[in-house]
Amino acid sequence: MTTPRKLPMPPAPAACAARPRLQPLSLALASVLMAFAPQTQAQSLVELYESARAFDASYQSARLQYDANLAKADQAKAGILPTAGLSAGVSSSNFSNNNPAVDRRFSTENATITASQPLYRPANWAAYEQGLRQVDLAKAQLDAAEQDLIVRASQAYFDVLAAQDTLTFVRAQKVAVAEQLASAKRNFEVGTSTITDTREAQARYDLVVAQEIAAENDLRVRKLALDTLVGRPEAQPKGLIVPVALPPVVPADVNTWVDQSALVHPGVRQAQSNLDIADLEVNKAEAGHKPTVDLNASYNVTHSPSGTTVSNLGTRNNTGTIGVLLNVPLFAGFATQNRVRETLSLKDKARSDLEGTRRAVALNTRTAYFSVLSGQGQVKALEAAELSSQSALDANKLGYQVGVRINIDVLNSQSQLFQTKRDLARARYDVLLGSLRLRQANGTLTPDDLQGINSLLVK
């Protein structure tokens, strides 16, 4: 009779060989959490968002573009303000004549100051009003960039937490499977179980090791993404308080959220500003048929200290003028008429774009609202499933010890419990992130909304 070959023993806790009974799952999970808890000072979501706000290249680009848009909008004001200019010059002349014989050199100095004030220029006034709308457009674009940064920072924050939870649960499962494998080997050695139990436990242990490697790499990648976003190395987000009471959706009426989006959403505001600008562009084009009136004034000083072509005596002439200039367009080769047609079509396009934006925002708001409600329902269901999975695991362990359950039943129960824990943690993060996406969808998201999530983090 040949003795069956023993399978290699996986690395297991020292207490595993000294204690015949299985280590409780709660103790295994607690030991892993303590072993792999971060030693550095953790940061809250608000702290990391502030870091991202000062470092993120996309947001800084949007802010600089906002400043440029403000300066560009102010340029349009120049069309309704007075203009003034100063010109000066010095020239030298040589005059000669044969009869009578004259050969004279003289210099001339002159200076002119001019000023002009538009009195009636409808195109300039339309351009000035367009500049005011450009300011509103630039503010809406900056608000959209800020809301996008809030969501991106929160997404990166929760991705790291979810990856940490996954690695923690996988390592805890690894400890539990190692305990189960050690128990199966002991039972096989004393003849109370078959080699099948040992091989099943070994296969499950090897699978968990592979999952641990993947989880470690995923956590590494998520941390790199967060560090790149916030601009600080080894950023460590604070975890959620467990158990956590997720805040309800307020207001609890989807139509209220949609109504808000029609007024404050940055996309709707941008589309509305574009429509206003297009309407004013029509006014500018129609102004091509209208006259313009300007008030002009000038003052000229001409000094010839050496005389002129007709005299050797120095002269000085001072000339001042003031007047009103009327310019009436008569015909421009149908350019003005075609420009009006073009701007009218562009105005209709802007109106269609506004309506399309409103519909898209309403759809996104409703989708985000129901996604949050669905996520809250999933959290409640997974919390119940976690309790049920724990009870099922305890029952299978007890059944395995008394001989009415086999090893694979315990292993399957362990996998189900850890999978439920991972899904529950991910669902909680999704609900919190979904609440931010809901506010982004209807355009009311602000950095102050992060304070509510901060209160749910460990201190």
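Scroll up a little and you will see the structure.
Let me sum up the structure you'll find in this document. The shown structure was predicted, so the numbers you read here are calculated from the model rather than taken from an experiment. (Residues numbered from 1 in each chain as written. Predicted model: local features only at pLDDT ≥ 70, side-chain atom pairs only at ≥ 80, totals over all residues. Heavy atoms only, no water.)

Some details on the overall build of the chain
Phase 1: Within the chain, the regular secondary structure consists of 11 helices and four strands.
Phase 2: In the chain, which comprises 459 residues, the proportion classed as buried is 38%.
Phase 3: Counting contacts in the chain only where the partners sit at least 6 residues apart, residues at least 24 apart contribute 83% of the total. (Helix = DSSP H or I, 4+ residues; strand = E, 2+ residues; numbered from the N terminus. Buried < 20%, exposed > 50% of the residue type's maximum accessible area, 1.4 Å probe, protein only. Contact = heavy atoms within 4.5 Å.)

Structural notes on the packing of helix 5 (residues 122–189) against helix 8 (residues 266–286)
Phase 1: Relative to each other, helix 5 and helix 8 sit at 165°, their axes nearing to 9 Å. The orientation of helix 5 with respect to helix 8, classified from their angle, is roughly antiparallel. Crossing of helix 5 against helix 8: the hand is left-handed.
Phase 2: Residue composition of the contact of helix 5 with helix 8, by class: nine nonpolar, eight polar and nine charged. (Axes fitted to C-alpha atoms, helices over the stretch in contact; angles between N-to-C directions. Parallel < 35°, antiparallel > 145°, perpendicular 65-115°, else oblique. Left-handed = near helix turned anticlockwise from the far one by under 90°. Nonpolar A, V, L, I, M, F, W, Y, C, P; charged D, E, K, R; others polar.)

So, the layout of surface pockets
Phase 1: The computed volume of the second largest pocket comes to approximately 270 Å³.
Phase 2: If you go around the second largest pocket, you meet 17 residues; those closest to its centre are Pro247, Pro248, Ser435, Arg439 and Asp449.
Phase 3: Of all the elements in the fold, those that place two or more residues in the lining of the second largest pocket are helix 9 (335–402), helix 10 (407–442) and helix 11 (450–454).
Phase 4: Per-element tally for the lining of the second largest pocket: the top contributor is helix 10, with six residues.
Phase 5: Here the lining of the second largest pocket is built from residues that sort into 12 nonpolar, three polar and two charged. (1 Å grid on protein atoms, 1.4 Å probe; cavity = no way out; pocket = protein on both sides within 12 Å on 5 of 7 lines; lining within 4 Å. Points joined across faces, edges and corners; volume = space filled by probe spheres on them.)

Some remarks on the side chain of Asp56
Phase 1: With respect to the element layout, Asp56 can be found in the loop between helix 3 (45–55) and helix 4 (57–75).
Phase 2: At 2.9 Å, the side chain of Asp56 and the backbone nitrogen of Tyr59 are in polar contact.
Phase 3: For Asp56, the contacting residues outside a window of four places in its chain are Leu149, Arg152 and Leu229. (Polar contact = N/O pair within 3.5 Å; in protein donor to acceptor, adjacent residues only side chain to side chain.)

With respect to the pattern of salt bridges
Phase 1: Counted according to the given criterion, the structure contains 24 salt bridges.
Phase 2: In this structure, the salt-bridge partner of Asp294 is Arg121, at a minimum N-O distance of 2.6 Å. Taken together, the residues Asp294 in strand 3 (residues 292–304) and Arg121 in the loop between strand 2 (102–120) and helix 5 connect sequence positions 173 residues apart.
Phase 3: Residue Asp294 is classed as buried on the basis of its relative accessible area of 8%.
Phase 4: Judged by its relative accessible area of 27%, Arg121 falls in the partly exposed class.
Phase 5: With a shortest N-O distance of 3.7 Å, Lys284 and Glu281 are connected by a salt bridge. Of this pair, Lys284 and Glu281 are both found in helix 8, three residues apart, which corresponds to roughly one turn of the helix. (Salt bridge = Lys/Arg side-chain N within 4 Å of Asp/Glu carboxyl O.)

Examining a nonpolar patch on the surface
Phase 1: On the surface, Leu119, Tyr120, Leu295, Ile322 and Val324 cluster together into a nonpolar patch covering about 500 Å² of accessible area.
Phase 2: Elements represented by at least two residues in the nonpolar patch include exactly strand 2 and strand 4 (315–327).
Phase 3: Relative to the elements of secondary structure, Val324 occurs in strand 4. (Patch = residues over 30% accessible without salt bridge, like charges linked within 9 Å, V, L, I, M, F, W, Y side chains within 5 Å. Areas by Shrake-Rupley, 256 points an atom, 1.4 Å probe, with all protein chains shown as cover.)

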